[in-house]
Amino acid sequence: MLAGRLGEVEQNDNSAWLPGDAESTRVVERVARFQPADTVPAIVVYDRQEGVTAADLAKARADAEAFRDVEGVEGAPQGPVRSADGRAIQTVVQVHKDRTGWEGIGKVVDALTEVGERDTGGGLGFHVTGPAGQAADSIKAFGGGGGLTAITASVVVLILLLTYRSPVLPLLPLLTAGAALVTSEAVIYVLARNAGLTVNKQTGFILTVLVFGAATDYALLLTSRYREELRRHEDRHEAMERALRRSGPAIVAGAATVAVSLTLLMLASLNSTQGLGPACAVGVLVGLLAMTTLMPALLVVCGRWVFWPTIPSYDATPAGAVDGGVWARVGAAVSGRPRLVWAGTALVLGAMTLGMFALRADGLAGTDQFTGRPQTVVGEEIRARHFPAGSGDPVLVVARADAAQGVRSALSGVPGVARVAAPVVKGDEALVLGELRDDPSSTAAMRAVERARAAVHGVEGARAQVGGTTAVLLDTREAADRDSVVIIPIVLVAVFLVLALLLRAVVAPLLLMATVVLSFGAAMGVSALVFEHVFHFAGEEASFPLLAFVFLVALGIDYNIFLVTRVREEAVRHGTRRGALTGLSATGGVITSAGVVLAGTFAAMASLPLVFAAELGFAVAFGVLLDTLVVRSVLVTALTLDVGRWMWWPSALFRRTDGTPREEAEPAPEPAASRGN
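The structure displayed is predicted, hence computed values, not measured ones. (Residues numbered from 1 in each chain as written. Predicted model: local features only at pLDDT ≥ 70, side-chain atom pairs only at ≥ 80, totals over all residues. Heavy atoms only, no water.)

K.L.:
So what's going on with the overall build of the chain? Which residues, and what values?
P.N.:
Summing up its helical and strand segments, the chain has 23 helices and nine strands in all. By its C-alpha atoms, the chain is 90 × 50 × 45 Å across when sized along the principal axes. When contacts within the chain are restricted to residue pairs at least 6 apart in sequence, long-range pairs at least 24 apart make up 81% of them. Taken as a whole, the chain presents about 25600 Å² of accessible surface, with 60% of it coming from carbon and sulfur. Side chains of the chain give 57 positive and 64 negative charges; the mean places of these two sets differ by 6 Å. (Helix = DSSP H or I, 4+ residues; strand = E, 2+ residues; numbered from the N terminus. Contact = heavy atoms within 4.5 Å. Areas by Shrake-Rupley, 256 points an atom, 1.4 Å probe, with all protein chains shown as cover. Lys, Arg positive; Asp, Glu negative; His and termini not counted. Charge placed at Lys NZ, Arg CZ, Asp CG, Glu CD.)

K.L.:
An account of the packing of helix 9 (residues 236–263) against helix 17 (residues 469–503) is requested, with residue identities and associated values reported.
P.N.:
Axis separation between helix 9 and helix 17 bottoms out at 9 Å; the angle between their running directions is 165°. As the angle between them shows, helix 9 and helix 17 are arranged roughly antiparallel. Seen along the crossing, helix 9 lies across helix 17 with a hand that is right-handed. The residues of helix 17 that touch helix 9, namely those facing P249, A253, T257, V260 and S261, are V491, A494, V495, V498 and L502. Its residues placed into classes, the contact of helix 9 with helix 17 shows eight nonpolar, two polar and no charged. (Axes fitted to C-alpha atoms, helices over the stretch in contact; angles between N-to-C directions. Parallel < 35°, antiparallel > 145°, perpendicular 65-115°, else oblique. Left-handed = near helix turned anticlockwise from the far one by under 90°. Nonpolar A, V, L, I, M, F, W, Y, C, P; charged D, E, K, R; others polar.)

K.L.:
How would you explain the environment of V28 if you had to name every residue and give the values?
P.N.:
When you line up the elements, V28 lands in helix 1 (residues 23–30). Residue classification places V28 among the partly exposed positions, given a relative accessible area of 31%. The spacing of V28 and P80 is 52 residues in sequence and 27 Å in space, taken between C-alpha atoms. (Buried < 20%, exposed > 50% of the residue type's maximum accessible area, 1.4 Å probe, protein only.)

K.L.:
Please set out the packing of aromatic side chains residue by residue, giving values where relevant.
P.N.:
A full pass over the atoms with the stated rule returns 13 aromatic pairs. Measuring from centroid to centroid gives 6.1 Å for Y226 and F307, while their planes differ by 40°, and the two rings are tilted. Of this pair, Y226 sits in helix 8 (residues 201–230) while F307 sits in the loop between helix 11 (294–302) and helix 12 (326–336), and the two are 81 residues apart along the sequence. Neither Y226 nor F307 differs from the other in exposure class; each is buried. Here F531 and F618 contribute two aromatic rings whose centre-to-centre distance is 5.9 Å and whose plane-to-plane angle is 65°, an arrangement assigned as edge-to-face. On the criterion of sequence distance, the pair formed by F531 in helix 18 (residues 507–533) and F618 in helix 21 (residues 611–643) is long-range, its members being 87 residues apart. (Phe/Tyr/Trp six-rings, centres within 6.5 Å; stacked < 30°, edge-to-face > 60°.)

K.L.:
Go over the pattern of salt bridges, please, and point to the residues and values.
P.N.:
Within the structure shown, the criterion is met by 27 salt bridges. With its nearest N and O atoms 3.8 Å apart, the salt bridge here joins R48 to E50. Among the salt bridges present, the one from R373 reaches E381, with a minimum N-O distance of 2.9 Å. The class of R373 is exposed, set by a relative accessible area of 54%. Its relative accessible area of 31% is what places E381 among the partly exposed residues. Each of the salt bridges in this network shares a partner with another, and the network as a whole consists of R225, E228, E229, R232, R246, R566, E569, E570 and R573. (Salt bridge = Lys/Arg side-chain N within 4 Å of Asp/Glu carboxyl O.)

K.L.:
Describe the confidence of the model for the chain, naming the residues involved and giving the relevant values.
P.N.:
Summarising the model, the chain shows a mean pLDDT of 86, and 92% of its residues fall at 70 or more. In this model residues 317–323 is a low-confidence stretch, pLDDT under 50, and it forms 21 contacts with partners more than four residues away in sequence or in other chains. Below pLDDT 50 for its whole length, residues 658–677 participates in 58 contacts with residues either more than four positions away or in separate chains. (pLDDT = per-residue confidence, 0-100.)

K.L.:
Pulling in residues and values, what's your account of the packing of helix 7 (residues 171–194) against helix 11?
P.N.:
As a packed pair, helix 7 and helix 11 sit with axes 10 Å apart at the nearest point and diverge in direction by 150°. Comparing their axes, helix 11 and helix 7 come out roughly antiparallel. When you trace helix 7 past helix 11, the crossing you get is right-handed. Mapping the contact onto sequence places L172, P173, L175, T176 and A179 in helix 7 and L294, M295, L298, L299 and C302 in helix 11. Looking at side-chain class alone, the contact of helix 7 with helix 11 contains nine nonpolar, one polar and no charged residues.

K.L.:
Go over the pairing of strand 4 (residues 125–129), please, and point to the residues and values.
P.N.:
Remember that side chains alternate between the two faces of the sheet whenever the strand is regular. Most of strand 4 sits out of view: five of its five residues are buried. Of the two faces of strand 4, the one carrying G125, H127 and T129 and the one carrying F126 and V128 are both buried. Alignment of strand 1 (residues 39–47) against strand 4, held across five bridges, turns out to be antiparallel. When the sheet's bridge partners are listed, V45 is paired in strand 4 with H127. (Pairing = 2+ DSSP bridges.)

K.L.:
Which residues make up a nonpolar patch on the surface, and what values do they have?
P.N.:
On the surface, a cluster of nonpolar side chains totalling about 310 Å² of accessible area is made up of L267, V485, V486 and I490. When you line up the elements, V485 lands in helix 17. (Patch = residues over 30% accessible without salt bridge, like charges linked within 9 Å, V, L, I, M, F, W, Y side chains within 5 Å.)

Structural data, given as structure tokens:
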């Protein structure tokens, strides 16, 4: 019941994402006495190629009067104003976002569109753009979240059907993951309502793919080990007890690594990032809880038949059985010259990281945020052709009243500012509005705001501050840059500590960290080139590098944990060399399946017509596949074979001399397979 109310606590306006000490946030507070701080402009544009007529202008005036009666519109519209070339008309309508709610902005824009598209007289174009138009099309792009959930669930079912080759078994992890998602949304709603957690539409769609992907990964690992134990134990309850005991530490450590990494996003200054971390951490932990309680219960209740048509039967096959599967062959190939293999692989991955120089993570203009061409994009292009790009969405400068003229003069001399209005004074404060030459959400406009801040801050005693939509975007970019510098090193340290505690070693965690960071760089390098030269995106959001890093490093370490804990388990009995090959063979199938599931769920984000979703989905999906198929199977295995028992330094396993050196000196034996992989 609570999960369905998550939308009630979402905060989707740009200023809500910023910390309270950002300059644009303080301007929102100071400007409240001059104009409602809770409104967002909708810019209505009419155009006719051969030139607007008197009848068109009369219609625009009539529409402006009709707009006043639309529920959610605040005050009288500004305009209509005809463009200098006579081919377009513009009217600015203020939408009261607090009264309508963020979702309600879309309904107001729909109502404005319904009014404007009546009696257009053939050939008269009509579009709603500006911040309200962009918000409305963004809300439509998310589609309420149900479409993404359905696509993600379908991807999971398809991959599980191919993995298990069973018509019934995939239903259990799907049911459990769905329960985990709903429970997560309920917990997040409570935190947002009562603990000040900031959530938005971005949080919602990332939570969906993360919970389905991560929870299904844990289900795959548990189910694979359970099927293996069913062949060793006649009693399915005993088999599940053994499966949980042996796979549990890896699953818990993997989930803990992801949850800790995400929770560290609370250190971000950007409220949107700060809220995203704990929300996704809740999703991962609830997914872990579901997959270690509900999922085992369902498997045991259903019995062996749930694996039909390939039902695992008790045959007491010893653990050392030889298997000639694909991962055994990969291990045999790597073991021939492990140092050459890991050095060559690292060199190729290093070359792929060079593509990171193509990253342009300085934010996206409003018209560049969509993969298609919705109404707001078309309308903005028309408006930019006929009106000054910054009209209707000005820069707001608040200063002391006695310094208002000096501030106006300073602002007038700033390159990129087209026009400055006369100051409006109320009490001891003054508001100065400046019109930008460029699209308010463009990089050029942000540079103009930087220059404007430098100019007005230099007016002695003015206490001038610059705000508005462009200033919010600029502060968002600067906060995101700061967050990356601060959080990335802390995440690396935290992940290292989790690995060190799990493996009781220092060398192995350091090597695993190095492989994952290298994998992240390679994934980002390839992604940047694909974004620019294949998808032709204009750039990346400012928060993209940090979010991609946290997801790729945390999830990449997840798979290394699954592998190396099994390697360590086998190394205790057979030595590190044989343990590495046995671990790869035993976990190769299930980890690959888990990687494909997680990549598939993140790839489902491309179903949203938003550039940020497409970019994050592609980067994480590609990075997960790269980590699963190359880094874990080739690079980590080769390093383990080359480093040998030094992987476990300084633990007791490193100091073992009871036959380990002799085993490691022998030719690599064929590794044992995982029963059921």
